[in-house]
Amino acid sequence: TRAAWLAHINPADHQLIMQARDCAYSDNLPYECEYRIIHSDGSVRHIRSNAFLERDQDNRPLKFTGIATDISLAKEAEKQLRMLSLATIESFSSS
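Structural notes, computed from the coordinates. What you see is a predicted model; the values in this text were computed from it and never measured.

**Considerations on the side chain of Asp13**
- Relative to the helices and strands, Asp13 resides in the loop between helix H1 (2-7) and helix H2 (14-27).
- In contact with Asp13, not counting residues within four places along its chain, are Tyr35 and Arg36.

Structure follows, in structure tokens:
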């Protein structure tokens, strides 16, 4: 259920998810969102969801069709690159 799914989403990301959903409903835009999920063991994974809202002949929402991708490794690589970049800048600054 939606409630069970939301229970695994990082609470700090709930608003972001709801805004993306609302844009898909009201503005007919694709659903695109990055958020964090919390597994039962406490580990956190970064997810990117991309979907579109299917509508019936009367333009009523039927369902979202899309994909959710685990982007945790990419997020970790970005973090390491930022840290390396800062370390490089600091090393040149202190020379």
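**Overview of the sheet that holds strand E1 (residues 31-38)**
- The sheet built from three strands is open, its strands ordered E1-E2-E3 with antiparallel pairing. Each edge of the open sheet carries a strand with a single partner, namely E1 and strand E3 (61-70). With direction set aside, neighbouring strand axes in the sheet form an average angle of 30 degrees.
- Relative to strand E2 (residues 44-55), E1 runs antiparallel, the two sharing eight bridges. In the sheet register, Glu34 faces E2, and the bridge partner there is Arg48.
- Along the sheet face, H2 touches E1, E2 and E3 and points at about 155 degrees away from the line of E1.

**As for the pairing of E1**
- The alternating pattern of E1 places Tyr31, Cys33, Tyr35 and Ile37 on a buried face and Glu32, Glu34, Arg36 and Ile38 on a face that is not buried.
- Hairpin connection from E1 to E2: five residues lie between these consecutive antiparallel strands, with Gly42 at a positive phi of about 95 degrees.

**Notes on the environment of Val44**
- Of note, Val44 is situated in strand E2.
- Given the relative accessible area of 40%, Val44 is considered partly exposed.
- Sequence spacing of Val44 and Leu84 is 40 residues, and the spatial spacing of their C-alpha atoms is 23 Å.
- Those residues in contact with Val44, other than ones at most four positions away along the chain, are Arg36, Ile37 and Ile38.

**Comments concerning the pattern of salt bridges**
- Under the counting rule described, the total for this entry stands at eight salt bridges.
- One salt bridge in this structure joins Arg60 and Asp56, with 2.8 Å as the shortest N-O distance.
- Overall, the relative accessible area of 48% leaves Arg60 in the partly exposed class.
- A cluster of three or more residues bridged by salt bridges with shared partners is formed by Glu34, Arg48, Lys75 and Glu78.

What counts as what
Residues numbered from 1 in each chain as written. Predicted model: local features only at pLDDT ≥ 70, side-chain atom pairs only at ≥ 80, totals over all residues. Heavy atoms only, no water. Helix = DSSP H or I, 4+ residues; strand = E, 2+ residues; numbered from the N terminus. Contact = heavy atoms within 4.5 Å. Pairing = 2+ DSSP bridges. Axes fitted to C-alpha atoms, helices over the stretch in contact; angles between N-to-C directions. Buried < 20%, exposed > 50% of the residue type's maximum accessible area, 1.4 Å probe, protein only. Salt bridge = Lys/Arg side-chain N within 4 Å of Asp/Glu carboxyl O.

The values reported here are purely geometric and, on their own, carry no functional implication.
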